[in-house]
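Structural overview
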Amino acid sequence: MEEKFSLKDHLFNQPKVAQLAKDLARVYPAFREKAFVDEVATAFPVLELKQRIAHIRTCLHTHLPPTYQEAVKVLLNALPAPLDESRSDKDFGDFIYAPFSDYVAHYGCTRQELAFSLAALREITKRFSAEDAIRYFINAFPEETLATLLTWTQDPNYHVRRLCSEGSRPMLPWSQKLSWPPETALPILDRLFADPTRYVTRSVANHLNDLAKRMPDLVLNRLNIWSEMGKQDAAEMAFLQKHALRTLVKTGHPAALTLLGFGDHQDISVTEVNHDASVQMGNALSFGFEVSANSPKTISIDYVMHFQNKQGNLAGKKVYKLRVAHLTTNRPLIVEKKHLLRRNMTTRPLFPGTHKVEIQVNGAILAHFFFELLP
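Report follows, based on the coordinates.

1. Some details on the overall build of the protein
- Looking only at helices and strands, the protein has 16 helices and 8 strands in total.
- Taken over the C-alpha atoms alone, the protein extends approximately 75 × 55 × 35 Å along its principal axes.
- By the burial criterion, 49% of the 375 residues in the protein qualify as buried.
- Pairs at least 24 apart in sequence give 69% of the contacts found in the protein among residues at least 6 apart.
- Accessible area of the protein: about 18,100 Å², with a carbon and sulfur share of 52%.
- If the 45 positive side-chain charges of the protein are averaged to one point and the 40 negative ones to another, these points end up 2 Å apart.

Next up, the structure:
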């Protein structure tokens, strides 16, 4: 039987901790390598991913110099070289350095240490994103931290620039909520939307997507203003708009659909729906259909999966992207899809029973079907 992949064991394990201890001992000879590794790794089996970060941070506090600034100087001196600045996207860094920024957030989020701590996060984020840690400072010192982030939007290192947008996102996954109004960070985005690096503009788009769930009109207005300014490359601006409005498109927001060049759902038909009547858990659901229109249309096709819960009710749903296409008059588009229904998913556990799938075109549900998920 194939062993189940464990993200927490992949990111935090004994060899990684041993290398971290070696690097720390290199710059701080009093560091007790073996004691640190034993203390950290012994607790790993009972700790989840974020708990492991907190545990390493606590162990660091025990083994580093007792004064905060001296301890952080050791952490900074033990860092590897900054991430490759010749890349432009998907270079998140090594999770093993997450406890470093966590250390700064937990022991240095004070007015006395504010400038020193923010400068430390700027260095750490060049090796692993400090997006979670910066939120402690946003909540504790919003004015000072916003001013620092606005300055960092001009930083030559794109990881620092990305931190400004990512760390101030209204709904950053795995992180604490921000206490300031969600639109407070818009001046940061105004400085970053024309950034030349995709890693940064992707973050800006994700930030706007978060904000669109609460303030769609504000987001649409901002995107229109940015587009009219002409500061960003046209292709990159199109990417930013599409990525920022993905949730609004899924919900059929008319203005979002219009901005992205989609028409309405009038005169569009979904026919010839075919699908598996039942699927064994662990296998894929196969389905297909035809989409046609009485006039030329640019369309966004999604499907909505409604899931069973433990009580046997259709209580949860998720919208999945299918494709974007252009329909010509009375020429049907054939669409086919396989959706894998994995066992033991941690994000959404599956339960046997009747499931529902809806076909959505330009935000409107135009067809649906049911299937049985077998254990």
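Once the structure has been displayed, the description carries forward.
2. Examining the environment of His355
- Mapping His355 onto the fold places it in strand β7 (residues 353–361).
- On the basis of relative accessibility, which here comes to 1%, the residue His355 falls in the buried class.
- Measuring from C-alpha to C-alpha, the distance between His355 and Phe370 comes to 5.6 Å, with 15 residues separating the pair along the chain.
- Apart from the residues lying within four places of it in its own chain, the contact partners of His355 are His306, Phe307, Gln308, Leu314, Phe369, Phe370, Phe371 and Leu373.

3. A short note on the packing of helix α6 (residues 98–107) against helix α7 (residues 114–124)
- Running from amino to carboxyl end, α6 crosses α7 at an angle of 170 degrees, the nearest separation of the two axes being 10 Å. One finds that α6 runs roughly antiparallel with respect to α7. Contacts between α6 and α7 involve Phe100, Ser101 and Val104 from the first element and Ser117, Ala120, Leu121 and Ile124 from the second.
- Along the lines of polarity and charge, the residues of the contact of α6 with α7 split into 5 nonpolar, 2 polar and no charged.

4. Side note on a nonpolar patch on the surface
- Residues Phe5, Leu7 and Trp174 make up a contiguous nonpolar surface patch of roughly 370 Å² in combined accessible area.
- On the accessibility criterion, Leu7 (40% relative accessible area) is partly exposed.

5. Section: the sheet that holds strand β3 (residues 284–293)
- If you walk across this open sheet you meet the 3 strands as β1-β3-β6, and the pairing is antiparallel. Of all strands in the sheet, those with a lone pairing partner are β1 (268–275) and β6 (333–340), marking the two edges. This sheet shows a mean twist of 25 degrees between the axes of neighbouring strands, independent of strand direction.
- Bridge count for β3 against β6 is 8 bridges, and the pairing is antiparallel. Residue pairing in the sheet places Phe289 in a bridge with Val335 of β6.

6. Some thoughts on the packing of α7 against helix α9 (residues 142–152)
- Running from N to C, α7 and α9 point in directions that differ by 35 degrees, and their axes come no closer than 12 Å. Relative to α9, α7 is oriented so that their crossing is right-handed. Within the contact between the two elements, α7 uses Leu114, Leu118 and Arg122 and α9 uses Glu144, Thr145, Thr148 and Trp152.
- A breakdown of the residues in the contact of α7 with α9 according to their chemical character gives 3 nonpolar, 2 polar and 2 charged.

7. Re the sheet that holds strand β4 (residues 297–308)
- What the 5 strands build is an open sheet, ordered β2-β8-β7-β4-β5; its pairing is mixed. Unpaired on one side and paired on the other, β2 (278–280) and β5 (314–327) mark the two borders of the sheet. Within this sheet the neighbouring strands show an average axis-to-axis angle of 25 degrees, counted without direction.
- Alignment of β4 against β5, held across 12 bridges, turns out to be antiparallel. For Ser300, the partnering residue across the bridge sits in β5 and is Val324.

8. Digging into α9
- The set of residues buried in α9 consists of Thr145, Leu146, Thr148, Leu149, Leu150 and Trp152.
- In the core, the buried residues of α9 are packed alongside α7, α8 (133–140), α10 (158–166) and α11 (186–192).

9. Thoughts on the pattern of salt bridges
- All chains considered together, the criterion is met by 22 salt bridges.
- Residues Glu131 and Arg162 are paired through a salt bridge, measuring 3.1 Å at the closest nitrogen-oxygen approach. Here Arg162 lies in helix α10 and Glu131 lies in the loop between α7 and α8, a separation of 31 residues in the sequence. As far as the burial class goes, Glu131 and Arg162 line up, both buried.
- A salt bridge links Asp195 to Arg161, with the nearest nitrogen and oxygen atoms 2.6 Å apart. Note that Asp195 is positioned in the loop between α11 and α12 (198–212) and Arg161 in helix α10, a separation of 34 residues in sequence. Take Asp195 and Arg161: they sit in the same class, and that class is buried.
- One connected set of salt bridges, linked through shared partners, spans Arg122, Glu123, Lys126, Arg127 and Asp155.

Definitions and cut-offs
Residues numbered from 1 in each chain as written. Predicted model: local features only at pLDDT ≥ 70, side-chain atom pairs only at ≥ 80, totals over all residues. Heavy atoms only, no water. Helix = DSSP H or I, 4+ residues; strand = E, 2+ residues; numbered from the N terminus. Buried < 20%, exposed > 50% of the residue type's maximum accessible area, 1.4 Å probe, protein only. Contact = heavy atoms within 4.5 Å. Areas by Shrake-Rupley, 256 points an atom, 1.4 Å probe, with all protein chains shown as cover. Lys, Arg positive; Asp, Glu negative; His and termini not counted. Charge placed at Lys NZ, Arg CZ, Asp CG, Glu CD. Axes fitted to C-alpha atoms, helices over the stretch in contact; angles between N-to-C directions. Parallel < 35°, antiparallel > 145°, perpendicular 65-115°, else oblique. Nonpolar A, V, L, I, M, F, W, Y, C, P; charged D, E, K, R; others polar. Patch = residues over 30% accessible without salt bridge, like charges linked within 9 Å, V, L, I, M, F, W, Y side chains within 5 Å. Salt bridge = Lys/Arg side-chain N within 4 Å of Asp/Glu carboxyl O. Pairing = 2+ DSSP bridges. Left-handed = near helix turned anticlockwise from the far one by under 90°.

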